[in-house]
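An overview of the molecular structure
What follows is each chain in one-letter form.
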Amino acid sequence: MIRIIIFQVIFSSFLFCCCKNEPLTESVQVPTWCHTETLHHKANFIWTIDSFDFHETVIGKTLISPKFSASTNEEYKWFLELYPNGRDGSAKAISLYLSLDLENKQKGAYVKYNFSILNNELQELDYTRKTLSRCFHNKNSSCTPLSPRGYGYPEFVEKDDIFRNKILSNDSLTIQCELSFYILNNNGSDNKPEMFHHCNTSTIQTDFLVNNVSENLEILGKKYEFKPRDLTLRVNNNNYTAHKDILSARSPIFAAIIQNKTKNNDRDFIDIKDTDEEIVSEMLRYMYTGKCDNLEKLADGLLGAADKYELNGLKLIASNALLKTLSVDNAADILISADMYHANQLLKSPVIKFIVKNSAEVLNTAAWKNLESSNPRLVIDVCRALSHKLTTILN
């Protein structure tokens, strides 16, 4: 109660000082806010080499795997090079490298990859090697591999470890390569990942979205239109089918859930118990196309889904949709949503500015009265912003 009284005193002082000189109902200015999205692709390749003892011949002898690609990008073909007796003059260890077929490619790629050895039950053994980002490109670029063909490890695993620890299963060696890569957007010698931007404009009254990513995602979604859907989202009594690759590429949360289910051999479904069917359906539309419909009705629910599944682009879209509806009557409710779903810069800051500008009206709404009793911390946040404004005026 004391906090509320202090807050009301500051409100009154503020109104006395500035109400006559500054209109409180002008449109709120929203900082220009952009979300940059990089479309990345993932692949998991398992290579079993039978009769491994047979390949122990001369140093420099190489085995080349079949080529593989990510299901979301079949144009870029990757392959592994394995040297059973070492590539660089050492016969004590196996050498292993990742390579990319860049023939007729104008654009290269940044890649992160892991090498690991699997047992006969396809479980990882203690020989996993992880890398930082590496760049693959053609010889005319400033971004070139450190080795003639690719990147890897001249001493991936000691040969003694393979035979002493019984890594081989029926004289077969199984290697797994997990990789995630981005296509480079080349501009002369400037080699950067392809990025798509969507931004809001400077005020809540104008259209906010420059959605370059939507067109690209829609094309990707259409490529998957006729591919079998291998995942079911169960929401109450409704089922929504989707592609694991799409959901994993768009959401790190879905990626972790799907990876965990794959490791545990769970069935191909995910139960969603705390989100309405309409929200899930619209969230899937966004994940496939970068677009949303019916934002006036669903913006608050989509903001919650975006926060839960770490869909930053959707959070931007939902936040701007809520800003377009911002009014004296709903400002307190939108502030609660912005705080709950961690949309601080996108939504919370503009809403607080709006409340400060329209303090006399907002203070008397039912939504604000509810906020005073349910969330004193947010009241204090607004109080600080108001006090700062008052101090600036008095100085």
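Because the structure is a prediction, the values reported are computed rather than measured.

Criteria and thresholds
Residues numbered from 1 in each chain as written. Predicted model: local features only at pLDDT ≥ 70, side-chain atom pairs only at ≥ 80, totals over all residues. Heavy atoms only, no water. Helix = DSSP H or I, 4+ residues; strand = E, 2+ residues; numbered from the N terminus. Buried < 20%, exposed > 50% of the residue type's maximum accessible area, 1.4 Å probe, protein only. Contact = heavy atoms within 4.5 Å. Areas by Shrake-Rupley, 256 points an atom, 1.4 Å probe, with all protein chains shown as cover. Pairing = 2+ DSSP bridges. Axes fitted to C-alpha atoms, helices over the stretch in contact; angles between N-to-C directions. Phe/Tyr/Trp six-rings, centres within 6.5 Å; stacked < 30°, edge-to-face > 60°. Lys NZ or Arg CZ within 6 Å of the ring centre and 35° of its normal. Expected span 1.5 Å × (residues − 1). Salt bridge = Lys/Arg side-chain N within 4 Å of Asp/Glu carboxyl O. Parallel < 35°, antiparallel > 145°, perpendicular 65-115°, else oblique. Left-handed = near helix turned anticlockwise from the far one by under 90°. Nonpolar A, V, L, I, M, F, W, Y, C, P; charged D, E, K, R; others polar.

Observations regarding the overall build of the protein
Each helix and strand in the protein was counted, giving 13 helices and 16 strands. Counting over 395 residues, the protein shows a buried share of 48%. Taking the intrachain contacts of the protein between residues at least 6 apart in sequence as the baseline, contacts between residues at least 24 apart amount to 66%. Taken as a whole, the protein presents about 20,600 Å² of accessible surface, with 49% of it coming from carbon and sulfur.

What about the sheet that holds strand 14 (residues 231–235)?
With mixed pairing, three strands are arranged side by side in an open sheet as 15-14-16. Of all the strands in the sheet, just strand 15 (238–242) and strand 16 (269–272) have a single pairing partner and so form its edges. In this sheet, neighbouring strand axes are inclined to one another by 25 degrees on average, regardless of whether the strands run parallel or antiparallel. With five bridges connecting them, strand 14 and strand 15 associate as antiparallel partners. Counted as the bridge partner of Leu233 is Tyr240 from strand 15. Packing of helix 6 (residues 277–289) onto the sheet brings it into contact with strand 14, strand 15 and strand 16, and relative to strand 15 it is tilted by some 10 degrees.

A closer look at the packing of aromatic side chains
Applying the stated rule across the entire model yields eight aromatic pairs. When the centroid spacing of 4.2 Å and the interplanar angle of 5 degrees are considered together, the rings of Phe45 and Phe68 count as stacked. Separated by 23 residues along the polypeptide, Phe45 in strand 2 (residues 40–49) and Phe68 in strand 4 (residues 68–70) bring together distant segments of the chain. In this pair, the class of Phe45 matches that of Phe68, namely buried. Taken together, a centroid distance of 4.4 Å and an interplanar angle of 5 degrees make the contact between Phe254 and Tyr309 stacked. Here Phe254, found in helix 5 (residues 252–263), pairs with Tyr309, found in the loop between helix 7 (295–308) and helix 8 (312–324); they are 55 residues apart in sequence, far enough to count as distant. For the pair Phe254 and Tyr309, a shared accessibility class is recorded, and that class is buried. Taking NZ or CZ as reference, Arg134 lies 5.8 Å from the ring centre of Tyr151, over its face. A cation over a ring is seen here: Arg229 above Tyr288, with NZ or CZ 5.3 Å from the ring centre.

Regarding helix 7
The terminal C-alpha atoms of helix 7 lie 18 Å apart, and with 14 residues this matches the ideal 20 Å at 1.5 Å per residue to within 8%. Residues of helix 7 that are buried include every one of Leu298, Ala299, Leu302, Leu303, Gly304, Ala305 and Ala306, and no others. Residues of helix 7 that are buried make contact with helix 6, helix 8, helix 9 (331–340) and helix 10 (344–357).

Overview of the pattern of salt bridges
Applying the stated criterion to the full structure yields 12 salt bridges. Between Lys67 and Asp101 there is a salt bridge, with its nearest N and O atoms 2.7 Å apart. Of this pair, Lys67 sits in the loop between strand 3 (63–64) and strand 4 while Asp101 sits in strand 6 (residues 93–101), and the two are 34 residues apart along the sequence. Connected through salt bridges with shared partners, the residues Asp339, Lys348, Arg377, Asp381 and Arg384 form a single ionic network.

Re the packing of helix 8 against helix 10
Two elements in contact, helix 8 and helix 10, have axes whose closest approach is 9 Å; the angle formed by their N-to-C orientations is 20 degrees. By the criterion of interaxial angle, the relationship of helix 8 to helix 10 is roughly parallel. With respect to the hand of their crossing, helix 8 and helix 10 are arranged in right-handed fashion. Residues Lys315, Leu316, Ser319, Leu322 and Leu323 of helix 8 form the contact with helix 10, whose participating residues are Leu346, Leu347, Pro350 and Val351. Residues that form the contact of helix 8 with helix 10 fall into these classes: seven nonpolar, one polar and one charged.

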